[in-house]
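What the coordinates show
The chain contents come next:
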Amino acid sequence: KTFRELAQICNISLGSVSKIMNGLQKEGYIIASNKTFVELIRKEALLDKWVNLINEKVLPNCIKGKYMFGRNTQNEWKYIDADIEWSGEPGAALLTNYLNPEKFSLFTNLDKISLIQKAGLLPENQGNITVYKPFWNENSINNKTVHPLLIYAQLMHDGNDRNIETAKIIYNEYIQHNI
């Protein structure tokens, strides 16, 4: 991809892409084969770094609010039909059928009123559902889950043994062959 394409996909400026690429090269994560091609190396180390950065820097800035289940019970979360993509524990449950979520997270462009009306969620500061706005540039949300890489990152950062075990399943099934 070109820097311009990367900027558009990531919803960041062209200058930011350039700075990121220079930083990756300086830290030894990419090498330039020629002027138009770079190769990503030390992928596992970069993934570990990304897991921390996404959870500590990006996601906190994307929080839209905390919610709880309203008209739908916690056991009916899979059947919510709204423009949302599950992440974290529920995303992992959908991908692996291995985890029963206790903490919920989702990404959506829906506003508060639409979340209440369409998803049946109620604002609650102590709720067990964290709602995020997408930080990537897509016109609409049309998947049941976010990308497995983001689910993996949230599970690994959580530190819960069961979540880490599930994250390793996701890594083996969805991520490893792309690294």
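Check the entry above for the structure.
Residues numbered from 1 in each chain as written. Predicted model: local features only at pLDDT ≥ 70, side-chain atom pairs only at ≥ 80, totals over all residues. Heavy atoms only, no water.

1. What about the environment of Phe104?
Basically, it comes down to this: We count a stretch as a helix when DSSP gives it H or I for four or more residues in a row; a strand needs E for two or more, and each element gets its number in order from the N terminus. We call two residues contacting when some pair of their heavy atoms lies within 4.5 Å.
Positionally, Phe104 belongs in strand S5 (residues 104-108). With 27 residues separating them along the chain, Phe104 and Trp77 place their C-alpha atoms 9.3 Å apart. Those residues within four positions of Phe104 in sequence are excluded, and the remaining contacts are Phe69, Gln74, Trp77, Trp86, Pro90, Asn128, Ile129 and Thr130.

2. Quick notes on the sheet that holds strand S6 (residues 121-123)
Applicable threshold: Two strands qualify as a pair provided that DSSP identifies no fewer than 2 bridges between them. Lines are fitted to the C-alpha atoms to define the axes, a helix being fitted only along its stretch in contact, and any angle between axes, read from their N-to-C directions, falls within 0 to 180 degrees.
Here five strands make up an open sheet; going across it, the order is S4-S5-S7-S3-S6 and the pairing mixed. At either end of the open sheet lies a strand with only one pairing partner, and these are strand S4 (84-87) and S6. If you compare each strand with its neighbour and ignore which way they point, the axes differ by 40° on average. Packed onto the sheet, helix H3 (residues 43-62) meets strand S3 (63-69), S5 and strand S7 (129-132) and runs at close to 70° relative to S3.

3. Considerations on the pattern of salt bridges
This is how the line gets drawn: Salt bridges, as used here, are contacts in which a Lys or Arg side-chain nitrogen is within 4 Å of a carboxyl oxygen on Asp or Glu. A 1.4 Å probe rolled over the protein chains alone gives each residue an accessible area, and that area as a share of the maximum for its type sets the label: buried under 20%, exposed over 50%, partly exposed in between.
Tallying each qualifying case throughout the model produces two salt bridges. Notably, a salt bridge pairs Glu27 with Lys49, separated by 2.3 Å at the nearest N-O pair. A residue pair is termed long-range when its members are at least 10 positions apart, and Glu27 in the loop between helix H2 (14-26) and strand S1 (30-34) and Lys49 in helix H3 qualify at 22 residues. Classification of Glu27 as partly exposed rests on a relative accessible area of 42%. Here Lys49 falls in the partly exposed class, since its relative accessible area comes to 31%. Among the salt bridges present, the one from Lys103 reaches Asp158, with a minimum N-O distance of 2.4 Å. Pair noted here: Lys103 is in the loop between helix H4 (88-96) and S5 and Asp158 is in helix H6 (residues 148-158), with a separation of 55 residues, a long-range link.

4. Some details on H2
Rules: The length a helix should cover is 1.5 Å for every residue beyond the first. This arc is built from the directions going out from the helix axis to the C-beta atoms.
For H2, spanning 13 residues, the distance from its first C-alpha to its last is 18 Å, which sits close to the expected 18 Å at 1.5 Å a residue. Buried within H2 we find Val17, Met21 and Leu24. Take H2 and look down its axis: the buried residues cluster within an arc of 60°, on one side only. Turned more than 90 degrees away from the buried face of H2, the exposed residues are Lys19 and Lys26. The inward-facing, buried residues of H2 abut helix H1 (3-10), S1, strand S2 (37-40) and H3. Where H2 ends, the next residue or the one after it, Gly28, has phi of about 80°, a positive value.

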